[in-house]
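Residues per chain, in single letters:
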Amino acid sequence: MTKKCLCLVLCLVFVGLAAAGCANAQSTQKEVLQEETDNMEKQLTLDYLISHSDLTAADFENVDFDAFVAMYDLTQENFKEYYLPDLIEMYHREMAQERTVDYSDIFTQAQGQIREEDFEQIEVLIVEYHEGTSNHYLILDFGEGKAFGSSNDIVSACGESSKTAELSADDKQFVLDALRDSGITGWQNEYIGSSENTTGHLSWAVGIRLSSGASVCYHGHGVTDSGTPVALFTLQESLARHFDK
């Protein structure tokens, strides 16, 4: 076979392989498009459900239909397998459950101390104060614009039922001024005292999260000899008075 013939044969082989590859790619693309089309056709819509059941639009009042369908994985093919009034009732119960926020990572991930230049970046402030049998939790979330307070531990599960106030720009300025007055930038992270030979109990914690995600924590316990800054008590009292409305 001459070189010219060999080159021609090789060219034909490569052309054939390329054509086969294109055909396979086109076939795969068509299959994907067909599958997407089939899925869209099977997607359950409110109009389809109403037209194929005894329910009406009124039954879905205050229901986010797309969220409802996604929550129970409903399709045109399987929705008749369920008793829909029960699912709707279950949906409303789920939506009525209080949504809570867990702030405990502010304490578990805390590092270092706060600096004066960090004050304007404060996003969340938590103050816990426990004296004797009295407990007080205050959470100020400036990102959400809400203040929360309770005698129960709400740090790991804080919800609307504990909200005491909507936060304003003046409220944040009040907090920043109180923190500066407390001299918190000079505090130690930990103050350990003793409650021996006493009938009392005293412990406290201050947690701060910055907009960067960084957090700092100060805490102490013990009725005597803890070295807790007197300004801590002033800070706790002034914040409690201002936000426990």
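Fair warning: this is a prediction, and the values are worked out from it, not measured in the lab. The residue count restarts for each chain, going from 1 along the sequence in the order it is written. Note on the predicted model: pLDDT of at least 70 is required for a residue's local features to be given, and 80 or more for side-chain atom pairs to be given and counted; whole-chain, interface and lining totals, by contrast, use all residues. Side-chain measures were taken over the full set of non-hydrogen atoms in the model, leaving aside hydrogen atoms and water.

### Details of the packing of aromatic side chains
Centres within 6.5 Å are what make two rings of Phe, Tyr or Trp a pair, Trp counting through its six-membered ring; a difference in plane orientation under 30 degrees is then read as stacked, over 60 as edge-to-face, and the rest as tilted. Per the counting criterion, the structure on display carries 11 aromatic pairs. With a centroid separation of 6.3 Å and an interplanar angle of 40 degrees, the aromatic rings of F65 and F68 are classed as tilted. Remark: F68 and F65 occur in helix α3 (residues 65–71); sequence separation between them is three residues, near one turn of the helix. Residues F65 and F68 agree in their burial class; the two are buried. Lysine NZ or arginine CZ positioned within 6 Å of the ring centre and within 35 degrees of the ring normal marks a charge as sitting over the ring. Directly above the ring of F142 sits K172, whose terminal nitrogen or CZ lies 5.4 Å from the centroid. Comment: elements are numbered from the N terminus, with helices defined as DSSP H or I runs of at least four residues and strands as E runs of at least two. Accessibility here uses a 1.4 Å probe with only protein chains present; expressed as a share of the type maximum, an area under 20% marks a residue as buried, one over 50% as exposed, and anything in between as partly exposed.

### Regarding the side chain of S203
With respect to the helices and strands, S203 occurs in strand β6 (residues 202–210). Pairs of N or O atoms within 3.5 Å make up the polar contacts considered here, provided that, within protein, one atom can donate a hydrogen while the other can accept it, and that residues adjacent in sequence are counted only when both atoms are side-chain atoms. A polar contact of 3.2 Å, which involves the side chain of S203, links it to the side chain of H201. Any two residues having at least one pair of non-hydrogen atoms within 4.5 Å are treated as being in contact. When residues no more than four places from it in sequence are discounted, the contact partners of S203 are E128, Y129, H130, G220 and H221.

### A word on unusual backbone geometry
Of all residues except glycine, most have a negative phi; of all peptide bonds, most are trans. Phi is positive for D73, close to 50 degrees, though the residue is something other than glycine. The residue D73 is located in the loop between α3 and α4 (84–96) in this model. Judged by relative accessible area, D73 falls into the exposed class, the value being 57%. Of note in the backbone geometry, D225 takes a positive phi value of approximately 60 degrees without being a glycine. Tracing the sequence through the fold places D225 in the loop between β7 (215–221) and α7 (230–243).

### Considering α7
To estimate the expected span of a helix, subtract one from its residue number and multiply by 1.5 Å. The terminal C-alpha atoms of α7, which comprises 14 residues, lie 21 Å apart, in line with the 20 Å expected from a rise of 1.5 Å per residue. Along α7, the residues that are buried comprise L232, L235, Q236, S238, L239, A240 and F243. On the buried face of α7, the contacting elements are β1 (122–131), β2 (134–141), β3 (146–150), β4 (163–166), α6 (169–182) and β6.

### Quick notes on the sheet that holds β6
Here we have seven strands laid out as an open sheet, ordered β4-β3-β2-β1-β6-β7-β5, and mixed in their pairing. Whereas interior strands pair on both sides, the edge strands pair on one side only; in this sheet they are β4 and β5 (190–192). The sheet shows a mean angle of 10 degrees between the axes of neighbouring strands, taken without regard to direction. Only when DSSP finds a minimum of two bridges between them are two strands counted as paired. Where β6 and β7 come together, seven bridges link them in antiparallel fashion. For A205, the partnering residue across the bridge sits in β7 and is H219. Packed on one face of the sheet, α7 meets β1, β2, β3, β4 and β6 and runs near 105 degrees to β1. Note on geometry: axes are lines fitted to C-alpha atoms, helical ones only across the stretch in contact, with angles between N-to-C directions running from 0 to 180 degrees.

### Notes on the pairing of β7
Counting buried positions over the seven residues of β7 gives five, a clear majority of the element. Bridge count between β5 and β7: three bridges; the pairing is parallel. Bridge pairing in β7 links I192 to H221. In this antiparallel pair of consecutive strands, β6 and β7, the connection spans four residues, and G213 shows a positive phi of 100 degrees.

### Observations regarding the nonpolar core
Core analysis: the largest hydrophobic core is formed by 30 residues, its most contacted members being I114, I122, L140, I184, W187, V206 and I208. Every element with two or more residues in this core is listed here: β1, β2, α6, β6, β7 and α7. With five residues, β6 is the single largest residue contributor to this core. Among all residues touching I184, those that are not within four sequence positions of it are I114, F119, L179, V206, I208 and Y218. Listed in part, the 15 residues of the second largest apolar core include F60, L74, I88 and Y91. The nonpolar core is taken to be a set of buried Ala, Val, Leu, Ile, Met, Phe, Trp, Tyr and Cys residues, with the residues joined through side-chain atoms within 4.5 Å.

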